[in-house]
Amino acid sequence: MNSRVVLTFDLEDWFQLTGRRFGISAGRVTRGRLKSQVSNILDLLELHDARATFFVLGMTAELCPEVIAEVAERGHEIASHGFGHQLVRSLDPDLFRVDIERSVEILHQISGRRPTGYRAPEFSIDRSSFWAFDVLLDCGVTYDSSVFPFQGQRYGIADAPLGVHRVRTPSGRQITEIPLAVVDLWGKRLPIAGGGYWRLLPGPVLDWAVSRVASERTPMLYFHPYEFDSRTLNLSLRSRASSIFTLKQNLGRASIMGKLRRLVSTYRCVTAEQFLELGVPALAAE
Ligand SMILES: [Zn+2]
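These numbers were taken from a predicted model, which means no experiment stands behind them.

Description of the side chain of Thr 271
Part 1 of the argument: You can see Thr 271 is positioned in the loop between strand E11 (268–270) and helix H11 (272–277).
Part 2 of the argument: What Thr 271 contacts, discounting residues up to four positions off in sequence, is Val 6, Arg 51, Ala 52, Thr 53 and Glu 77.

The following block contains the structure:
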């Protein structure tokens, strides 16, 4: 049994991204909420001596640099979630390079260190966008955690390897990939890595799923700060689309802090960098 998990957070601001989605600038109302969401997480991690990787969105870092600085000061890894939260497969290499360089630069300025890891918004690297790996290597990023190895509706690479591996890029170089955790059950891959799956699945199911993955490899898990907000998330818009969206985002959210507490008290939580440093077996190339 592998008693370690790689714990990660996609650090973006719910109000900023949801506001943009529904055409309003929510920048002003976000600062305090994001700060308290992240503080809730950091306090819990500190209590259990847990470490995590935060894949930080550049546009959020620009809005709230003090939040990112606190994450770094409290001993966690700062990695990149890009700048503008655009889907990678919707960009071309030049636009993607601009987005990555901008995010790497701002994270370097805030934390004093260039990030070495990257996660794509909505896991949006598919086989047709592996050119993104070359851009990441050019920008000093040496590992990626964007591949969700199952067939989802909006994302996923159904036949990707389940464990950490190296991907050959179109230019012939290699980048390390740490895929998100899935349970392989009788040949069917079920996503259990975090986010909505953790909001909606019952605690005992998650306990079983994480231990099942951990019996074979170190699970890579992900969460978002907004999931740890103590109040209901709401933009107070009147449109039906925004009401349905926010309803979905609040579903099961109250249970997630308890689930994370259980996870960090059961497993040794490490950053992606620590995981790669601490005895990953010889990496297979895909
Ligand atoms: Zn995101």
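Considerations on the coordination of the zinc ion
Part 1 of the argument: Here the zinc ion is held by the protein donor atoms Glu 12 (OE), His 81 (NE2) and His 85 (NE2), which lie 2.0 to 2.1 Å from it.
Part 2 of the argument: If you list the donors of the zinc ion from N- to C-terminus, the spacing comes out as E-x68-H-x3-H.

A word on the packing of helix H5 (residues 93–111) against helix H6 (residues 131–138)
Part 1 of the argument: Packing of H5 against H6 leaves a shortest axis separation of 10 Å and a crossing angle of 40°. Here H5 and H6 pass one another in a crossing that is right-handed. Between H5 and H6, the contacting residues are Pro 93, Phe 96, Arg 97 and Ile 100 on the first element and Trp 131, Ala 132, Val 135, Leu 136 and Asp 138 on the second.
Part 2 of the argument: In the contact of H5 with H6, the residues fall into seven nonpolar, no polar and two charged.

Structural notes on the pairing of strand E10 (residues 220–223)
Part 1 of the argument: Of the two faces of E10, both are covered, the one formed by Met 220 and Tyr 222 as well as the one formed by Leu 221 and Phe 223.
Part 2 of the argument: For strand E1 (residues 4–11) and E10, the ladder comprises four bridges, and the chain directions are parallel. By the bridge assignment, Phe 9 is partnered in E10 with Phe 223.

Digging into the environment of Phe 133
Part 1 of the argument: Position of Phe 133 among the secondary structure elements: in helix H6.
Part 2 of the argument: You can call Phe 133 buried: its relative accessible area is 0%.
Part 3 of the argument: Expressed as a C-alpha distance, the spacing of Phe 133 and Ile 175, which sit 42 residues apart in the sequence, is 6.8 Å.

Details of the environment of Phe 9
Part 1 of the argument: Along the chain, Phe 9 turns up in strand E1.
Part 2 of the argument: Relative accessible area serves as the criterion here: at 0%, Phe 9 is assigned to the buried category.
Part 3 of the argument: Phe 9 sits 67 residues away from His 76 along the chain, and the two C-alpha atoms are 11 Å apart.
Part 4 of the argument: For Phe 9, the residues in contact, after removing those within four places along its chain, are Ile 41, Leu 45, Ala 52, Thr 53, Phe 54, Phe 55, Phe 223, Phe 228 and Leu 260.

Parameters and conventions
- Sequence order as written defines the numbering, with residues in each chain counted from 1.
- Per-residue local features are limited, in this predicted model, to residues with pLDDT of at least 70; the limit for side-chain atom pairs, both in listing and counting, is 80 or more; totals at the level of whole chains, interfaces and linings are taken over all residues.
- Computation of side-chain values covers all heavy atoms of the structure but excludes hydrogens and water.
- A run of H or I in DSSP becomes a helix once it reaches four residues, and a run of E becomes a strand once it reaches two; helices and strands are each numbered from the N terminus.
- Residue contacts are counted whenever heavy atoms from the two residues lie within 4.5 Å of one another.
- Distances decide who is a donor: an N, O or S atom must be within 2.8 Å of the metal, or within 3.2 Å for Na, K and Ca. Water is not included, so sites may look incomplete.
- Only the contacting stretch of a helix is used when fitting its axis, a line to C-alpha atoms as for every element, and angles between N-to-C directions run 0 to 180 degrees.
- By convention the crossing between two helices is left-handed if the near helix lies anticlockwise of the far one by an angle smaller than a right angle, and right-handed if it lies clockwise.
- Only Asp, Glu, Lys and Arg are considered charged in this grouping, and only Ala, Val, Leu, Ile, Met, Phe, Trp, Tyr, Cys and Pro are considered nonpolar; every other residue, Gly among them, is considered polar.
- Exposure is judged per residue with a 1.4 Å probe applied to protein chains only, and the accessible area is read against the type maximum: over 50% gives exposed, under 20% gives buried, and values in between give partly exposed.
- Two strands are said to pair when DSSP picks up at least two bridges between them.

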